[in-house]
Amino acid sequence: MSVENRKIDFYSFSFQEYKNKESIDFWDEKKFDLILKYIESLPMIERLVKDEKSKKSYYLSDIVHSDTSIRCLKFKSCKFGHCPPIMDSDTANERPTDKRMNEGEQENTHLAIRLDDFEGFVALESRKSGISMGTIVRYFNAMMKAYFSKNPKKGNPDYSLSLFYSVVPIKNFDKALEDMTKLKIADIYIDKNFIGSELSNIVPDDDPFIKNDLILTLKSERGENILVRTVKRLYSSLANTSGGISRIRIHGTNTSGAKQILDSDLIRKTQNIEAKLNSNGLISTESIFSKLIDILRTS
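Summary of the structure given here. Model, not experiment: these values are computed from the prediction.

**So, the overall build of the chain**
So, point 1. A tally of regular secondary structure across the chain gives 8 helices and 15 strands.
So, point 2. Buried residues in the chain amount to 41% of all 299 residues.
So, point 3. For the chain, the proportion of contacts with a sequence separation of at least 24, taken over those separated by at least 6, is 67%.

**Observations concerning the packing of aromatic side chains**
So, point 1. Per the stated rule, a full pass over the model turns up 13 aromatic pairs.
So, point 2. Between the aromatic rings of F13 and F32, the centroid separation amounts to 6.1 Å while the plane-to-plane angle is 45 degrees, which identifies the pairing as tilted. With F13 in strand 1 (residues 3-19) and F32 in helix 1 (residues 29-41), the pair connects residues that are 19 residues apart, well separated along the chain. By the burial criterion, F13 is buried, and F32 matches it.
So, point 3. Seen in terms of ring centroids, Y58 and Y139 are 6.1 Å apart; in terms of plane orientation they differ by 55 degrees. Their pairing is tilted. Placement of the pair is Y58 in strand 4 (residues 56-65) and Y139 in helix 3 (residues 133-150), with a sequence separation of 81 residues. Accessibility classification places Y58 together with Y139 in one group, the buried group.
So, point 4. Its end group placed over the ring of F80, K50 keeps NZ or CZ at 4.9 Å from the ring centre.

**Observations concerning the side chain of Q260**
So, point 1. Along the chain, Q260 turns up in strand 14 (residues 259-263).
So, point 2. Within the structure, Q260 has its side chain in polar contact with the side chain of N254 (distance 3.2 Å).

**Concerning the packing of helix 1 against helix 3**
So, point 1. Two elements in contact, helix 1 and helix 3, have axes separated by 10 Å at closest approach and are oriented at 85 degrees. Overall, the two elements helix 1 and helix 3 adopt an arrangement that is roughly perpendicular. Contacts between helix 1 and helix 3 involve F32, L34, I35, L36, Y38 and I39 from the first element and Y139, F140, M143, M144, A146, Y147 and K150 from the second.
So, point 2. Here the contact of helix 1 with helix 3 is composed, by residue class, of 12 nonpolar, no polar and 1 charged.

**Side note on the pattern of salt bridges**
So, point 1. In total, this model carries 16 salt bridges according to the counting rule given.
So, point 2. With its nearest N and O atoms 2.9 Å apart, the salt bridge here joins D33 to R71. Placement of D33 in helix 1 and of R71 in strand 5 (residues 70-79) is noted, with a sequence separation of 38 residues between them.
So, point 3. Overall, the relative accessible area of 22% leaves D33 in the partly exposed class.
So, point 4. Given a relative accessible area of 5%, R71 falls into the buried group.

**Considering unusual backbone geometry**
So, point 1. Positive phi values are uncommon outside glycine, yet K55 reaches one of about 60 degrees.
So, point 2. Relative to the elements of secondary structure, K55 occurs in the loop between strand 3 (49-51) and strand 4.
So, point 3. For K55, a relative accessible area of 35% puts it in the partly exposed group.
So, point 4. Even without a glycine there, the phi angle at A92 is positive, about 70 degrees.
So, point 5. The residue A92 is located in the loop between strand 6 (86-87) and strand 7 (94-95) in this model.

Cut-offs applied
Residues numbered from 1 in each chain as written. Predicted model: local features only at pLDDT ≥ 70, side-chain atom pairs only at ≥ 80, totals over all residues. Heavy atoms only, no water. Helix = DSSP H or I, 4+ residues; strand = E, 2+ residues; numbered from the N terminus. Buried < 20%, exposed > 50% of the residue type's maximum accessible area, 1.4 Å probe, protein only. Contact = heavy atoms within 4.5 Å. Phe/Tyr/Trp six-rings, centres within 6.5 Å; stacked < 30°, edge-to-face > 60°. Lys NZ or Arg CZ within 6 Å of the ring centre and 35° of its normal. Polar contact = N/O pair within 3.5 Å; in protein donor to acceptor, adjacent residues only side chain to side chain. Axes fitted to C-alpha atoms, helices over the stretch in contact; angles between N-to-C directions. Parallel < 35°, antiparallel > 145°, perpendicular 65-115°, else oblique. Nonpolar A, V, L, I, M, F, W, Y, C, P; charged D, E, K, R; others polar. Salt bridge = Lys/Arg side-chain N within 4 Å of Asp/Glu carboxyl O.

Spelled out as structure tokens, the structure:
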């Protein structure tokens, strides 16, 4: 069976909840599973979104619960509105196509989501002929709007819930940092063996279920940013094993205005995978899901 390289992009999912005239950013894996369950309950025609502007139709076709924390999703899409003739790749001969204007070649887009405590961490198969993360998030928001119109929150008639994403780039840390215009939050992962005596008295070292890394979160003042030089010092400290810092994650906004997260662990990882092709030249869903799950389990 042939294989093909596929580029993988990484993202972080969060919710924005609006109720009682206030908006709150948070993450809740149960709410995400609730929306997936709602989509699964819909007939295929109600899952389908037809975008006349982009001339694309798409829907969530498959949802696989690989384990307690990872969900594998497959979107199917097609580009409609054009019916060019068919050309023979060997002879250049042409013949009319039997495709109708409302039809298009089906394309698959695969992604896997790890439901962490503070985010949904996403590995997405990046394809120009598939659908983008922006389109996927708009799809989920349309489904959530439909769900809450059928199941309104009691006592909260203005309640709404929306999904948004942050980009997690995989490239040179300094270059990625230069592309960010706002630095709001820095999460510093510190080995609990390096914490001071005051904190060690609070955190019991005889509890086997407490993770080895503790997270120290630095936040900027309202309307201000964390200094770039501070982030660079934190990143350079990773090479100093005596400091106890094992990982840093920087939350902010890039020059395009999109939310972005720099993760020192992911910058070390590859962004390409090899997935098997089936007999008709398409990526095997089972193969790419297996690769995406491996990435998420080791990230």
